[in-house]
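# Reading the structure
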Amino acid sequence: MTYFPYLVLAVTSVVAFMLPRGRDLAVPIALVPWWTLEVDFGLSVKVSEMLMALMIARHFNIGKLRIGSMPGVGYFATFMILSIVAAIVTIEYGPAVPQFAGGGVMRNGYGRVATTVFKSMILIGFIITISSCRHRLSPFELLKTYVYSCVALALLGIIQMAIFLTNGIDIFPIGMFLGEEFHRSGMLTIEGQSVLRVSSLGGEPKGLGQALALALCILMILSRRFGMSRWKHVGSAGLLSIVVLLTSS
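Residues numbered from 1 in each chain as written. Predicted model: local features only at pLDDT ≥ 70, side-chain atom pairs only at ≥ 80, totals over all residues. Heavy atoms only, no water.

## Description of the packing of helix H1 (residues 4-18) against helix H3 (residues 47-61)
- Direction vectors running N to C along H1 and H3 enclose 30°, while the axes themselves pass 10 Å from each other. When the axis of H1 is compared with that of H3, the two are roughly parallel. In this structure, H1 meets H3 at a crossing whose hand is right-handed. In contact with Pro5, Val8, Leu9, Thr12, Ser13, Ala16 and Phe17 of H1, H3 contributes Val47, Met50, Leu51, Leu54, Met55 and Arg58.
- Considering only residue class, the contact of H1 with H3 consists of 10 nonpolar, 2 polar and 1 charged. (Axes fitted to C-alpha atoms, helices over the stretch in contact; angles between N-to-C directions. Helix = DSSP H or I, 4+ residues; strand = E, 2+ residues; numbered from the N terminus. Parallel < 35°, antiparallel > 145°, perpendicular 65-115°, else oblique. Left-handed = near helix turned anticlockwise from the far one by under 90°. Contact = heavy atoms within 4.5 Å. Nonpolar A, V, L, I, M, F, W, Y, C, P; charged D, E, K, R; others polar.)

Here's what the structure looks like:
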């Protein structure tokens with residue numbers, strides 16, 4: 001099971017590179033809410049982030065990456081600089097990290113700053129890549145891809161809850177691809193009875209709840225742009241709403 005994220009990365013990378021420029025960006029977008037798909041080699045990296053980095057490299061290699069195409073790039077740069085300064089001041093002059101909050105070198109201190117900057121640069125680079133392709137794809141198509149991906153996660157969440165209620169088995173434990181020692185289930189105790197907090201393949205229940213809530217907002221605002229039928233819109237919105245509640249987030 002620990003090798004499954006690598007398999008997903010390999011397959012989706014091939015799919016992305018087979019698609020024309022612009023449409024290839026939908027592949028990492030589709031995997032953004034699938035937080036369980038990550039690898040840990042001292043630094044925890046999600047499959048979607050690795051795909052973003054690959055797409056940045058692909059578009060840079062063919063000379064189609066235009067930093068100036070991104071609106072407000074100066075604001076992003078200012079935000080990054082201020083964030084790094086604030087992090088350094090906090091580390092040097094802020095309170096010491098409690099013992100219980102310890103971890104690896106990348107969890108706290110300058111290691112955490114370095115990893116956060118690295119991941120932020122991937123995200124900003126991917127936004128620049130999208131901006132560079134704005135004449136070849138519609139941003140609404142990328143948002144639609146994200147919503148449909150969240151609907152698929154929500155369906156898996158319904159299956160997860162149904163099996164738990166029937167057999168008491170959590171088929172999608174948190175950390176399921178990191179090794180058995182990392183397996184756990186998000187539980188909520190109501191009147192002495194334990195109830196599963198649905199996580200699907202969205203990582204922590206709160207992570208799934210955030211992803212689905214965002215998809216629900218996008219769906220409510222842009223449903224006409226998506227060209228969805230009324231029944232598909234109502235069904236998708238209802239499913240997302242139910243599973244958001246089932247995450248108990």
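## Overview of the packing of aromatic side chains
- The final tally for this structure, using the stated rule, is 1 aromatic pair.
- A cation sits over an aromatic face here: Lys46 above Trp35, 5.6 Å from the ring centre. (Phe/Tyr/Trp six-rings, centres within 6.5 Å; stacked < 30°, edge-to-face > 60°. Lys NZ or Arg CZ within 6 Å of the ring centre and 35° of its normal.)

## Let's talk about H1
- With 15 residues, H1 should cover 21 Å at 1.5 Å per step; its first-to-last C-alpha distance of 21 Å lies within 8% of that length.
- For H1, every residue scored as buried is listed here: Pro5, Val8, Leu9, Thr12, Ser13 and Ala16. Around the axis of H1, the buried residues are gathered within 130° of arc, so they sit on the same side. (Expected span 1.5 Å × (residues − 1). Buried < 20%, exposed > 50% of the residue type's maximum accessible area, 1.4 Å probe, protein only. Arc of directions from axis to C-beta.)

## Side note on the pairing of strand E3 (residues 187-190)
- Here 4 bridges tie E3 to strand E4 (residues 193-196), and the two strands are oriented antiparallel to one another. Counterpart to Ile190 in the pairing with E4 is Gln193.
- Remark: 2 residues form the turn of the hairpin made by E3 and E4, two consecutive strands paired antiparallel; Glu191 in that turn has positive phi of roughly 55°. (Pairing = 2+ DSSP bridges.)

## Points about the nonpolar core
- If you look at the biggest cluster of nonpolar residues, it comprises 52 residues, and the most contacted ones within it are Val47 and Leu240.
- Elements with a contribution of two residues or more to this core: H1, helix H2 (26-31), H3, helix H5 (109-132), helix H6 (139-167), helix H7 (205-226) and helix H8 (230-246).
- If we ignore the near neighbours within four places in the chain, the residues touching Leu240 are Cys150, Val151, Ala154, Leu212, Ala215, Leu216 and Leu219. (Core = buried A, V, L, I, M, F, W, Y, C linked by side-chain atoms within 4.5 Å.)

## Overview of a nonpolar patch on the surface
- Together, Phe4, Leu7, Val11 and Val15 give the surface a local cluster of nonpolar side chains, amounting to about 330 Å² of exposed area.
- Note that Val11 resides in helix H1. (Patch = residues over 30% accessible without salt bridge, like charges linked within 9 Å, V, L, I, M, F, W, Y side chains within 5 Å. Areas by Shrake-Rupley, 256 points an atom, 1.4 Å probe, with all protein chains shown as cover. Salt bridge = Lys/Arg side-chain N within 4 Å of Asp/Glu carboxyl O.)

## What about H7?
- The end-to-end C-alpha distance of H7, which contains 22 residues, comes to just 27 Å, noticeably less than the 32 Å that a straight helix rising 1.5 Å per residue would cover.
- Bending of H7 peaks at approximately 55° at the position of Met220.
- Phi turns positive, to about 65°, at Gly227, one or two residues after H7. (Bend = angle between axes of the 7 residues up to and from the residue.)

## Quick word on the environment of Gly227
- Assignment of secondary structure puts Gly227 in the loop between H7 and H8.
- In this structure the C-alpha to C-alpha distance between Gly227 and Ala16, which are 211 residues apart in sequence, comes to 24 Å.

## Digging into the pattern of salt bridges
- What the rule picks out here adds up to 3 salt bridges.
- For Arg58, the salt bridge goes to Asp24, with nearest N and O atoms at 2.7 Å. Here the residue Arg58 occupies a position in helix H3, and Asp24 occupies one in the loop between H1 and H2, the gap between them amounting to 34 residues.
- Assessed through its relative accessible area of 0%, Asp24 is described here as buried.
- The partner of Arg184 in a salt bridge is Glu204, with the nearest N and O atoms 2.1 Å apart. On the criterion of sequence distance, the pair formed by Arg184 in the loop between H6 and E3 and Glu204 in the loop between E4 and H7 is long-range, its members being 20 residues apart.
- Residue classification places Arg184 among the partly exposed residues on the basis of a relative accessible area of 42%.

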